[in-house]
Amino acid sequence: MRKQAMTQRQLRDRIVWTFQRRACFTRLCMPAAAAIGIVAVLAAKTFADAAGTGPGLRAADFVALQDRLGEFSGKLPDPAAFGADRIVAFEENGHFVYVAGEKGATLTRRLVYLKPGVFIVDDVAPAAAEKKLERSLRVIRVRGSGKEVRLDIEPIEAPAAAAEVTAAAGEKTFQLRLPASPDAAGSIAARLADGKAILPERPLPAGVMPHGPAGVRMIERWDAAYRDDRRPPWDKGFPSSHLKAAVESGTVAPGRAVVLGCGTGTNAIYLAKRGFDVTAVDVAPTALARAQAKAKEAGVTLRWLLADVTAPPAGLEPFDFIFDRGCYHGVRRGNARGYVEAVKKLSRPGTQMLILAGNANEERHYGPPRVKEEELRGDFSGSFDFVSLKTIRFDPMDADDEGAMAWFALLRRKENE
Ligand SMILES: C[S@@+](CC[C@H](N)C(=O)[O-])C[C@H]1O[C@@H](n2cnc3c(N)ncnc32)[C@H](O)[C@@H]1O
């Protein structure tokens, strides 16, 4: 379905390589203190080039940034912290590029690249003992060209725990909500001067999203299924009868749950209503925005993460229960190993996992991707015991229809794996 997403390490290596190539070309050397800002911008350029969709970056922007590093880095809370940068979140699309990097617990920098020469830099140093959180939030504009290039740095005053930022970039005006805590990704929206929304409010990424041409296309394909109030065939609007049976029989007890590929959140909201502490993950921003609205209406609180299930954000504690309806069977075609490694990270010995996936024992020319029993067993039996593996049918949209044949796979993480 798509190429395997790069690991964070591969991403960082590629970014560093990109920097070295550019630095050599321009005969400049990079002060370590400002590494992440430059590196992140160059990363944005590289991926935007590769995808042919991003905003792109001019060489002049890079030179200008280099020229103004003293001023730029002098305003950072702890410039020396950027000697060894780390990218923790990344997304590019047709409207913006987002990069977040951090150095241990010392400093998080978010960079949102809105168009050539216009970006937002948000530095947050967490509160040291008895000192309050330090934050420096700026809109930076690169003006002019050649030797006349200069940076206009517009500080955003008094950034509170969740700063609201409005930034004009060409014909678009972006509205961002940037919580100070790096655990909460925030949101972004864009409109034209006449008020027309060209990017409805949506979450910013909470991990390294699929990127490069294949990754960008993959996100676009999933997101398009939900845009303009579209209702894709799997989005039934009622919780899975199989999930309900597992919960209501007591097979799965309330605890910390993660829903992988949650779509518009019906099952995640159901679990939250049943007393689970729910985190829900999807790559489609429109689906997540709709899920958030549904949860608000239902009066429940969940943690929604715009993230790739094969590269979940670091630092999530292991969950008691993992639920997946319809995500694994697609993801495994491009990156089965990445999926299995991710669920190992998200689980602990004893964690239960319920997967509902297309079943290859039925031959159909349409419907969900299908998985063979030996593929399921091959993917999971190294780390999970199969508590139950049975053939079911996905819930049909109408009572008259017959849903596609599916697997009900209830797994338990092994004690010693
Ligand atoms: C067939 S839909 C199922 C949605 C939901 N589970 C349901 O039952 O309504 C698959 C979902 O997985 C999401 N998805 C696909 N690949 C993903 C990935 N690598 N990481 C996170 N979500 C992904 C898609 O955006 C989509 O919402």
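Since we're looking at a predicted model, the values are computed, not measured.

> Is there a simple way to explain the overall build of the protein chain in this structure?
Scanning the protein chain for helices and strands turns up 10 helices and 18 strands. When the 417 residues of the protein chain are sorted by exposure, 46% land in the buried category.

> How should the site of the ligand be read in this particular structure?
In the neighbourhood of the ligand, 19 residues make up the surrounding shell, with Trp 222, Gly 261, Gly 263, Ala 284 and Gly 326 lying closest. The set of elements that each furnish at least two residues to the shell around the ligand consists of β12 (277-282) and α9 (328-345). Residues belonging to the shell around the ligand are distributed by class as follows: 10 nonpolar, 5 polar and 4 charged.

> Sorry if this is basic, but what is going on with the packing of helix α7 (residues 266-273) against helix α8 (residues 285-298) here?
Each pair of packed helices can be summarised by the angle the axes make with each other and by the distance between the axes. Close contact between α7 and α8 brings their axes to 10 Å; oriented N to C, the two are set at 30°. The angle between the axes of α7 and α8 places the two elements in the roughly parallel class. Of the two elements, α7 crosses α8, and the hand of that crossing is right-handed. Each of Ala 268, Ile 269 and Lys 273 in α7 lies in contact with α8, whose residues at this interface are Ala 291, Lys 294, Ala 295 and Ala 298. Classifying every residue of the contact of α7 with α8 by side-chain character gives 5 nonpolar, no polar and 2 charged.

> Honestly, the confidence of the model for the protein chain in this entry has me stumped. Any pointers?
When pLDDT is low, close inspection of the predicted coordinates is not appropriate. Per-residue confidence for the protein chain gives a mean pLDDT of 79, with 74% of residues at or over 70. Every residue in residues 1-85 is under pLDDT 50, and counting partners more than four places away or in other chains gives 157 contacts.

> Honestly, the pairing of strand β3 (residues 107-115) in this entry has me stumped. Any pointers?
Within β3, 9 of the 9 residues are buried, which leaves the element mostly enclosed by the surrounding structure. Where β3 and strand β4 (residues 118-125) come together, 7 bridges link them in antiparallel fashion. Note on β4: the bridge partner recorded for Tyr 113 is Phe 119.

> Mind showing me how you'd approach the environment of Gln 292 here?
Within the fold, Gln 292 resides in helix α8. Exposure remark for Gln 292: the 19 C-beta atoms within 10 Å place this residue in the partly exposed category. It is 9.5 Å that separates the C-alpha atoms of Gln 292 and Ile 269, two residues lying 23 residues apart in sequence.

> For this particular structure, what's the right way to read unusual backbone geometry?
Backbone geometry follows two general trends: most residues other than glycine have a negative phi, and most peptide bonds adopt the trans configuration. The backbone of Asp 228 sits at a positive phi, close to 55°, despite the residue not being glycine. Here Asp 228 lies in the loop between α5 (212-224) and α6 (241-248). Classification of Asp 228 by C-beta neighbours within 10 Å gives exposed; the count is 6. Even without being a glycine, Asp 229 presents a positive backbone phi close to 60°.

> So what exactly am I meant to see when it comes to the pairing of strand β8 (residues 172-179) here?
Each regular strand shows side chains that alternate between the opposite faces of the sheet. Sheet topology note: the strand β7 (residues 162-169)/β8 ladder contains 8 bridges and is antiparallel. Looking at the pairing, Ala 162 lines up with Pro 179 of β8. Adjacent in sequence and paired antiparallel, β7 and β8 are bridged by 2 residues, among which Gly 170 carries a positive phi angle near 60°. Bridge count for β8 against strand β9 (residues 187-192) is 6 bridges, and the pairing is antiparallel. Looking across to β9, one finds that Leu 176 is bridged to Ile 188.

> Just checking my understanding: could you explain the nonpolar core for this structure?
Across soluble globular proteins, nonpolar side chains have a tendency to be buried as a group. Val 259 and Ala 268 are the most contacted members of the largest nonpolar core, which has 95 residues in total. Counting only domains with at least three residues in this core, you end up with domain 1 (8-224) and domain 2 (241-413). Not counting chain neighbours up to four residues away, the residues in contact with Val 259 comprise Asn 267, Ala 268, Leu 271, Val 278, Ala 280, Val 281 and Phe 323.

> Got a minute to help me understand the sheet that holds strand β10 (residues 197-203) in this structure?
The strands making up a sheet associate through backbone hydrogen bonding, with each pair oriented either parallel or antiparallel. Strand order in this open sheet of 4 strands is β7-β8-β9-β10, and the pairing throughout is antiparallel. Two strands lie at the open edges of the sheet, namely β7 and β10, each paired on one side alone. Pairs of neighbouring strands in the sheet enclose a mean axial angle of 15°, with direction left out of account.

> Help me understand α8, please; the structure alone is not making it clear to me.
One turn of an α-helix holds 3.6 residues; hence residues three or four places apart share an orientation. Over its 14 residues, α8 extends 20 Å from the first C-alpha to the last, a length consistent with the 20 Å expected when each residue adds 1.5 Å. Tucked inside the fold, the buried residues of α8 contact β10, α5, α7, β12 and β13 (303-306). Taken from the residues just after α8, Gly 299 is the one with a positive phi, measuring 75°.

> When you look at α5 in this model, what are you seeing that I'm missing?
Over its 13 residues, α5 extends 18 Å from the first C-alpha to the last, a length consistent with the 18 Å expected when each residue adds 1.5 Å. Inspection of α5 places Gly 215, Val 216, Met 218, Ile 219 and Trp 222 among the buried residues, and these make up the whole buried set. Looking straight down α5, one finds that the buried residues subtend no more than 160° of arc, so they occupy a single side.

> Just to check I follow, could you spell out the environment of Asp 395 for this structure?
Along the chain, Asp 395 falls in the loop between β17 (384-393) and β18 (405-413). Counting along the chain gives 10 residues from Asp 395 to Met 405, while the straight-line C-alpha distance between them is 9.7 Å. Contacts of Asp 395, omitting those with residues within four sequence positions, involve Lys 236, Ser 240, Ser 241 and Gly 403.

What counts and how
Residues numbered from 1 in each chain as written. Predicted model: local features only at pLDDT ≥ 70, side-chain atom pairs only at ≥ 80, totals over all residues. Helix = DSSP H or I, 4+ residues; strand = E, 2+ residues; numbered from the N terminus. Buried ≥ 20, exposed ≤ 12 C-beta atoms within 10 Å, placed from the backbone. Near = placed C-beta within 6 Å. Nonpolar A, V, L, I, M, F, W, Y, C, P; charged D, E, K, R; others polar. Axes fitted to C-alpha atoms, helices over the stretch in contact; angles between N-to-C directions. Parallel < 35°, antiparallel > 145°, perpendicular 65-115°, else oblique. Left-handed = near helix turned anticlockwise from the far one by under 90°. Contact = placed C-beta atoms within 7 Å. pLDDT = per-residue confidence, 0-100. Pairing = 2+ DSSP bridges. Core = buried A, V, L, I, M, F, W, Y, C linked by C-beta atoms within 7 Å. Domains from an automatic or database assignment. Expected span 1.5 Å × (residues − 1). Arc of directions from axis to C-beta.

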